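# Observations on the three-dimensional arrangement
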Amino acid sequence: MNQIDIDKDEILKTSKWIRFLFMLLYGFAINFVLTICLGLAFIQFLFYLFTSKPNDSIANFNEHLLEFFGDSLSFLLFKTDEKPFPFKGNSDVQEEGEVIEGESEPEPETPNEDSEAKEADT
């Protein structure tokens, strides 16, 4: 029978145990998000039942939940090493807006207390 050589240093790497802790954390988070998704699906059905169209705000929030769910599953199933929200870097490249320089308007002069007192005396 072949014996398997176990490298103790490989087992004790802290990066692997940290990933395990994150996997536990995201496993519980996925369970919680799934419960929220089912509740929102029911609420969305009620909107559809009474208005014949889904609620846009809930649909927008659902997009964020779906993204989190997909990212978390990818992390849990070792498809990626990138941690999901809130540790996920902003992968959307945001273009910097054009800077428009303008002149500021001068502040109106406010009379100081001495000039007001002199005007009151006259």
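Refer to the structure presented above.
Described below are features of the structure shown in this document. These figures come from a predicted structure and were not determined experimentally. (Residues numbered from 1 in each chain as written. Predicted model: local features only at pLDDT ≥ 70, side-chain atom pairs only at ≥ 80, totals over all residues. Heavy atoms only, no water.)

## Remarks on the overall build of the protein chain
When you go through the protein chain residue by residue, the secondary structure sums to four helices and zero strands. For the protein chain, the proportion of its 122 residues judged to be buried stands at 14%. Of the contacts made within the protein chain by residues no fewer than 6 positions apart, 54% connect residues no fewer than 24 positions apart. Summed over its atoms, the accessible surface of the protein chain is roughly 11,400 Å², and 59% of this surface lies on carbon and sulfur atoms. (Helix = DSSP H or I, 4+ residues; strand = E, 2+ residues; numbered from the N terminus. Buried < 20%, exposed > 50% of the residue type's maximum accessible area, 1.4 Å probe, protein only. Contact = heavy atoms within 4.5 Å. Areas by Shrake-Rupley, 256 points an atom, 1.4 Å probe, with all protein chains shown as cover.)

## Description of the packing of aromatic side chains
Under the criterion given, the structure shown has five aromatic pairs. Taking 5.9 Å as the distance between ring centres and 80 degrees as the angle between the ring planes, the aromatic pair formed by Trp 17 and Phe 20 counts as edge-to-face. Taken together, the residues Trp 17 and Phe 20, both in helix 2 (residues 14–51) and three residues apart, mark about one turn of the helix. The exposure class assigned to Trp 17 is partly exposed, which follows from its relative accessible area of 46%. Residue Phe 20 is classed as partly exposed on the basis of its relative accessible area, which comes to 40%. Taken together, a centroid distance of 6.0 Å and an interplanar angle of 70 degrees make the contact between Tyr 26 and Phe 75 edge-to-face. Taken as a pair, Tyr 26 in helix 2 and Phe 75 in helix 3 (residues 56–76) lie far apart in primary sequence, 49 residues in all. By the burial criterion, Tyr 26 is buried, and Phe 75 matches it. Aromatic ring contacts, followed pair by pair, group Phe 22, Tyr 26, Phe 68, Phe 75 and Phe 87 into a single cluster. Lying over the aromatic face of Phe 75, Arg 19 brings its terminal NZ or CZ to 4.2 Å of the ring centre. Against the face of Phe 22 rests Lys 83, its NZ or CZ located 4.9 Å from the ring centre. (Phe/Tyr/Trp six-rings, centres within 6.5 Å; stacked < 30°, edge-to-face > 60°. Lys NZ or Arg CZ within 6 Å of the ring centre and 35° of its normal.)

## So, the pattern of salt bridges
Between side chains of opposite charge, a pair can form when the charged atoms approach closely. Scanning the model with the defined rule gives three salt bridges in all. As a salt-bridge pair, Lys 13 and Glu 10 come within 3.5 Å of each other at their nearest N and O atoms. Since its relative accessible area comes to 31%, Glu 10 is described here as partly exposed. The partner of Asp 81 in a salt bridge is Arg 19, with the nearest N and O atoms 3.1 Å apart. (Salt bridge = Lys/Arg side-chain N within 4 Å of Asp/Glu carboxyl O.)

Any functional reading would require information beyond the geometric quantities listed.
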